[in-house]
Structure formats: structure tokens, C-alpha cells
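Per-entry structural report
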Amino acid sequence: MARAAVLGRLAWQFGTLAEVVQETPRVSSLYLDVPDWQGHLAGQHVDVRLTADDGYQAERSYSIASAPDDPRLALTVERLDDGEVSPYLVGELRVGDRLELRGPIGGFFVWRGEDDRPLLLIAGGSGVVPLMAMLRHRANVESTVPARLLFSSRTQADVIYRDELSRLGAAGDGLTVFHALTREKPAGWSGYTRRIDEAMLKEVAWPIQESPAVFICGPTPFVEAASQLLVAMGYEPRSIKTERFGATGGTA
Amino acid sequence: MNSESHNHARLAATTQVEEARLDGNAIGGLLREIFAVEMTAAVGTCAFCGAVNEVGRVQVYVRAPGTVVRCPECEQVLMKIVRGGGRYWVDMTGVRCLEFSEA
């Protein structure tokens, strides 16, 4: 084992589904017990592999939703109707079932609790998942770096982690959560009701001179639009880290 | 094909290419198989334009027979990776230098 660790080999291993939490009609969090899990950093992902009876395999990447200091590994998965993997994970996988995965993966799109820069997180849809790991970690380590999350969802019902985000934002530890809805303008809604634009970023983003750390995650067009807006506003491109996911949600 | 539908076809193709574009984070697992260490924070130099970027920032297309990695600045091909039949083919013509941590 020690030699394997030195060589950095990333082995496939099995986790057991311990709990499912439905976040929205299309999105569920899977809480897994993974023996010998080596720990992870906020923002990393795992590869999940399904094997059919005939040997056919499908691999997908899913961001880790749990903080490094949480007791269980959590993945939050959006069910894509034409997907090969997500309809199985959200709908067929039952508590007690085993799931093959490898990880943690990634060292670029990660936030460490000792980072003292103001934090700007921008999420489109299920792109909130790795950013949630960062916010959970920030709360666990009692970091008080000022943090803002701008979270764009289609409708109010599609807002992932809505209650938890509301609790975290009310904790008084320097986190403010801003919501934007792109396909609905519910009565009594106090957040934005449009796509992310420069005026919105001017209201939400930390001033450039405060040198914020910026993490943006979501579908490719969302991520590229948000990062291009920030760069055009003068934010240092190297301070902006992005993670795109494709229309299929799959990367393998 | 008249020019209008031709333009529509081109627009649709462009949109599909944009939606298919991922970034280096998506191949963290694949690169770890090949290099045996974490690679998304590795720093690569483009052999065409000299741009220096972390692997997490490069453009990645996975909807091809293999994985195609492009420079985020000049869009030239940095790497092509094909995996199959228990073997890897790794073309790194477009990478002048790749710097990464041994741990």
C-alpha cells in the first residue's frame, strides 16, 4: 500500500451508498461509505464507472459535494434524461448498493481553508457542487474570509442546496449568497431574474483591488460568459479558476 | 443547400463544438493513469505560441475517437490521447515543456 501511494496510482474502489438526499426534482445527493478513502480537497472530483453484464463500461466524472472534514463522501448528481450514467445513479441505485469510483482527482480547481483571499464563487446549475464543498469546508474550519456565492438556476424549484445555502448565508461569518433565476420570475422573489451580466457582477463581485480568488463552475457557455465578463472588467485572469461540464454531464 | 440553411448548419455546428468543449479538469483521471501523479495543476508550454498554462486551463474535447487537448490562447493542438485495447497513444507534439510536482 505504501509503495502504491508513493507511485501515485489511482485505483478503482467500491463505495457503498449509505443515504440519498433529494435536492431538487432532478438532483440527488448520494452519501457513500468508502473504506480507505484517502481524503480530498474541496473542489476535487471522482470518476464513477458502471459496468454492464456484458462488460460494457461507462465512466463519468462527478464533483465531490462534501467537505474534506465531513464524515461521508457525498456526490450530488443531476439526472440527465438522455444520460448513460446519471439516470442509474439518480433513480436506480439503492441504499446498500455498491458503486465503483476512483479519486480524488484534480489539483487545479481546489480551495484550501488557509487561503485568506476574499472568495467569489459563481455557479450555474449543478456547477454549484464543487463550490458547495468549498463553502462547507469554509464553515467547518471556521474560516472568516469574506465569501460571496452567485448561483444561477433555471427556476426556484431547481435551486440545489437551497435551505443549506440559506442557513450558511445567515450564519454571520462573512458569506453572502446571491441567487439568479433565468426562466422564472416568482412572486415575492428577492434575487435576480436574468442571466449573469456585467451589472450583476459589478454588484456582487469583490472589488478588483481586494484580489479575490474566483471559482466558476457550470455548463461551458455559462462558465465562458462569466469568466469573459470578469476579465473584461479587469480581473486578473490568473485569479479566475474555471471548471466546465458538458451538455451530457460526462467527461469520459 | 441555400446560403441561409448553410449558415444555420454552421451556427448549429459551432454551438455543438462550444458545448462539447471542456477543460483540463475533465481529464485529471486519464492523465493520472498516464503520468501517475496529479496533473491538472501541472504547467504546460504551448509549442506553437509559447503560452504557459496550467493543465486545468486548457481546452479539452472528448467527443472524438480520442481526447484532443488545445491551447486556450492559440487553439493549436497540444496533445492527442487515445486509449484502447489495453494501450495508450500519447501525441505531445504541441507541448514544448510540461512541469509538474513529483508528489
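Predicted model, so just to flag it, every value in this text is computed and none were measured. (Residues numbered from 1 in each chain as written. Chains lettered and ligands numbered in written order. Predicted model: local features only at pLDDT ≥ 70, side-chain atom pairs only at ≥ 80, totals over all residues.)

We now examine the overall build of chain A. Across its full length, chain A carries 6 helices and 11 strands. The C-alpha radius of gyration computed for chain A amounts to 18 Å, which stays within 12% of the reference 18 Å derived for 252 residues, consistent with globular compactness. Projected onto the principal axes, the alpha-carbon positions of chain A cover approximately 55 × 40 × 30 Å. The 252 residues of chain A split such that 44% are buried. Within chain A, counting contacts between residues at least 6 apart in sequence, those at least 24 apart form 73% of the total. (Helix = DSSP H or I, 4+ residues; strand = E, 2+ residues; numbered from the N terminus. Rg over C-alpha atoms; globule rule 2.2 N^0.38 Å. Buried ≥ 20, exposed ≤ 12 C-beta atoms within 10 Å, placed from the backbone. Contact = placed C-beta atoms within 7 Å.)

Okay, the domain arrangement of chain A next. Residues and elements named next belong to chain A. Here chain A is partitioned into domain 1 (2-105) and domain 2 (119-245). A separation of 24 Å is found between the C-alpha centroids of domain 1 and domain 2. Each side of the interface is counted separately: domain 1 has 16 residues, and domain 2 has 13 residues. Elements that contribute at least two residues to the side of domain 1 that touches domain 2 include exactly strand 1 (13-24) and strand 5 (73-78). Considering only residue class, the side of domain 1 that touches domain 2 consists of 7 nonpolar, 5 polar and 4 charged. (Domains from an automatic or database assignment. Nonpolar A, V, L, I, M, F, W, Y, C, P; charged D, E, K, R; others polar.)

Pairing between the strands of a sheet is mediated by backbone hydrogen bonds and can be parallel or antiparallel. Residues and elements named next belong to chain B. Pairing in this open sheet of 5 strands is antiparallel, and the strands run 1-4-5-6-7 from one edge to the other. Two strands bound the open sheet, and with one partner strand each, they are strand 1 (21-23) and strand 7 (87-91). The average angle at which neighbouring strand axes cross in this sheet is 25°, direction not considered. Here strand 1 runs beside strand 4 (residues 59-61); their pairing, made up of 3 bridges, is antiparallel. (Pairing = 2+ DSSP bridges. Axes fitted to C-alpha atoms, helices over the stretch in contact; angles between N-to-C directions.)

Turning next to the sheet that holds strand 5 of chain A. Taken together, the 6 strands give an open sheet; going across it, the order is 4-3-6-1-2-5 (chain A), and neighbouring strands pair in antiparallel fashion. At either end of the open sheet lies a strand with only one pairing partner, and these are strand 4 (57-63) and strand 5 of chain A. Here the strands of the sheet are splayed against their neighbours by 40° on average, with no regard to which way each runs. Taken together, the 7 bridges between strand 1 of chain A and strand 2 (residues 27-33) of chain A define a ladder with antiparallel strand orientation. Its bridge partner lying in strand 2 of chain A, leucine 17 of chain A is registered against leucine 32 of chain A. Strands strand 3 (45-51), strand 4 and strand 6 (98-105) of chain A of the sheet are contacted by helix 2 (residues 28-35) of chain B, whose axis makes an angle of about 75° with strand 6 of chain A.

On to helix 6 (residues 220-232) of chain A. Residue and element names in this part refer to chain A. For helix 6, spanning 13 residues, the distance from its first C-alpha to its last is 18 Å, which sits close to the expected 18 Å at 1.5 Å a residue. Among all positions in helix 6, only Thr220, Phe222, Val223, Ala226 and Leu230 are buried. Mapping the buried residues of helix 6 onto a view down its axis gives an arc of 165°, with all of them on the same face. Opposite the buried face of helix 6, at more than 90 degrees from it, the exposed residues are Gln228, Val231 and Ala232. Downstream of helix 6 by a residue or two, glycine 234 has a phi angle that is positive, lying close to 110°. (Expected span 1.5 Å × (residues − 1). Arc of directions from axis to C-beta.)

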